[in-house]
Amino acid sequence: MNMKSKDFFLYGIFALMFFWDLLDLLLPNVQFVILICLFLIFAFTGNKIYLDQTVLMVAAVVLLHGVVNIVLGNDTIKLFSIQFGAILICYICYSSLTYKYSIQNIFRVYWKSAYIMSVIGLIEAILGIMNNTVFTKLPVVFTFTKYWYRVVGMVKLSSLCREPSFLGYYLAPAVCLILFRVFASELTDETFDCFKKKWQMVCICLVYVMTFSGAGYIGICIMAIVIGYKKGISIKKVMIPIIAFIIAVGVYEFVPDIHVRVDDTLSIFVKGVSKSEINISSYTYYNNFNVAKSGFLKTMGLGSGLGSYQLIYDEFTLGTWSASSSALNREDANSALFRIATEFGMLGIIGIIVFLYKYFIKGKNSYIMYSCAIFSLFCMFLLRQGNYTHGGSVLFLWLYVKCFKDAMTIGNEKLAEGKECSVK
């Protein structure tokens, strides 16, 4: 593939992800129109459309499940169609636009966008230290910056993302690759030359930490567990959880915002609702947990249909956090696990487990770090992000499968059996 022609589509995808929240702010859902246009250019220039049979089979099951729930009154045609159409369109577009590229090339382009996003975050941090609010509402730059919301005197960085946690999701795969390089260098892909740029690695990690996002810090713990598991028996494997534990304790003790959220979340799950004593984030998470549990029980674990979560929310919500606040995470459940459990029941939960296990690379090779980076991101989504299509979520779902298939092709039967093999 020459850079001037077909790489246009790869860079186009990550440019779209880069400006996803800004585009949505300017004109809701226009990012999907741009993705479709990119796909149509791809198709009309003689490229083949990629359709995976397994995905089509899953889509058929989801469609049947949705139709049954629409008939039963648990879902509506509008809610189902919007979600089903958006997910299917994203998958077909992302898979078709990237299936000919190598995982290495895809992640190189992703790395560049993550680095630029981090640089913008550092500028944001500098302006925050200066308490300079001049650029706060400029379009494209710092549109989502909240200079009054600080942790230990620092602005919670969001760069061009809608909120700090979204920036954490955006940077998480890159951070996981960096942790692999530091703690499990023997499992890294030597052809991935981005590791040679030390300043970029430092910049990405620094901005990730300065999101002061609970989801981001949970992500580091997940990455540490995954890397420790893949590394095998070694001194470093023992060090990884110890270092992760020390960092977690340090964050809990010295970052007030995280301290409050942890305490409040534990308190509300143990003692129940007490709005006057907890923060809005903890209440929102607990409320959506309660909605998901009630919805799951209502359908006897069968699920209420794709897109139906907001209907279940309206039926079982404990109410808003305050008189002035709106229904928080009514559409996305604040957690993919909560939403999947509600909309698909046990079938959805089992499906996620099977999917993550089936396409997780079992052996040890240079593709491991990519697989683990995406796996860690999915775990973060399951815990604290319930939007099915936000900012390239479906792209990483496809890349998880592609990474496994490409590694299988190179590693052949050895990889399929979980044996060690080196992919160069």
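See the structure printed just above.
About the cut-offs
Residues numbered from 1 in each chain as written. Predicted model: local features only at pLDDT ≥ 70, side-chain atom pairs only at ≥ 80, totals over all residues. Heavy atoms only, no water. Helix = DSSP H or I, 4+ residues; strand = E, 2+ residues; numbered from the N terminus. Buried < 20%, exposed > 50% of the residue type's maximum accessible area, 1.4 Å probe, protein only. Contact = heavy atoms within 4.5 Å. Areas by Shrake-Rupley, 256 points an atom, 1.4 Å probe, with all protein chains shown as cover. Polar contact = N/O pair within 3.5 Å; in protein donor to acceptor, adjacent residues only side chain to side chain. Patch = residues over 30% accessible without salt bridge, like charges linked within 9 Å, V, L, I, M, F, W, Y side chains within 5 Å. Salt bridge = Lys/Arg side-chain N within 4 Å of Asp/Glu carboxyl O. Core = buried A, V, L, I, M, F, W, Y, C linked by side-chain atoms within 4.5 Å. Arc of directions from axis to C-beta. Phe/Tyr/Trp six-rings, centres within 6.5 Å; stacked < 30°, edge-to-face > 60°. Lys NZ or Arg CZ within 6 Å of the ring centre and 35° of its normal.

> Kindly report on the overall build of the chain, identifying the contributing residues and their values.
Check the secondary structure of the chain and you find 16 helices and two strands. Among the 424 residues that make up the chain, the fraction classed as buried is 54%. Partitioning the intrachain contacts of the chain with sequence separation of at least 6 by distance along the chain shows that 73% fall at a separation of at least 24. Taken as a whole, the chain presents about 19600 Å² of accessible surface, with 70% of it coming from carbon and sulfur.

> Describe the side chain of Thr-342, with residues and values.
Its location among the elements puts Thr-342 in helix H14 (residues 336–358). A polar contact of 2.8 Å, which involves the side chain of Thr-342, links it to the backbone oxygen of Phe-338. What Thr-342 contacts, discounting residues up to four positions off in sequence, is Ala-292, Gly-303, Ser-304, Tyr-309 and Ile-312.

> So, a nonpolar patch on the surface: which residues are in play, and what are the values?
Side chains of Ile-36, Leu-40, Phe-44 and Ile-89 sit close together on the surface and give an oily, nonpolar patch of about 380 Å² of accessible area. Sorting elements by how many residues they give to the nonpolar patch places helix H3 (residues 30–44) first, with three residues. Summarising the element assignment, Ile-36 is placed in helix H3.

> Mind laying out the nonpolar core, listing which residues take part and the relevant values?
Formed by 111 residues in total, the largest nonpolar core has its most connected members in Phe-14, Trp-111, Leu-177, Phe-180, Phe-192 and Tyr-400. In terms of residue count, helix H7 (residues 164–183) provides more of this core than any other element does, 14 residues in total. Sequence-distant contacts of Phe-180, that is, excluding residues within four places in its chain, are made with Ser-185, Leu-187, Thr-188, Ile-227, Ile-368, Met-369 and Cys-372.

> Kindly report on unusual backbone geometry, identifying the contributing residues and their values.
Despite not being glycine, Asn-29 has its phi angle at roughly 75 degrees, a positive value. Among the structural elements, Asn-29 can be located in the loop between helix H2 (20–26) and H3. A relative accessible area of 46% places Asn-29 in the partly exposed class. At Ala-333, a position not held by glycine, the phi torsion is positive, near 70 degrees. Take Ala-333: it is sitting in the loop between helix H13 (309–316) and H14.

> Could you give an account of H13, naming the residues involved and the relevant values?
Think of an α-helix as turning once every 3.6 residues; residues three or four places apart then point the same way. Listing the buried residues of H13 in full gives Tyr-309, Gln-310, Ile-312 and Tyr-313. All buried residues of H13 fall inside an arc of 155 degrees around its axis, so they share one side. At its buried positions, H13 is contacted by helix H5 (77–98), helix H12 (280–298) and H14.

> Quick rundown of the packing of aromatic side chains? Include the residues and the values.
Counted under the stated rule, the structure contains 30 aromatic pairs. Look at Phe-18 and Phe-19: their rings are 4.9 Å apart centre to centre, the planes differ by 80 degrees, and that puts the pair in the edge-to-face class. Feature note: the residues Phe-14, Phe-107, Tyr-110, Trp-111, Tyr-170, Phe-192, Phe-195, Tyr-367, Tyr-370 and Phe-396 constitute an aromatic cluster, connected by ring pairs. For the cation-ring pair, Lys-362 lies above Tyr-357, with the distance from its terminal atom to the ring centre recorded as 4.5 Å.

> Describe the pattern of salt bridges, listing the residues and the values that go with them.
Tallying each qualifying case throughout the model produces nine salt bridges. With a closest N to O distance of 2.8 Å, Glu-315 and Lys-298 form a salt bridge. Here Lys-298 lies in helix H12 and Glu-315 lies in helix H13, a separation of 17 residues in the sequence. A relative accessible area of 44% means that Glu-315 is categorised as partly exposed. Since its relative accessible area comes to 41%, Lys-298 is described here as partly exposed. With a shortest N-O distance of 3.2 Å, Glu-343 and Arg-339 are connected by a salt bridge.

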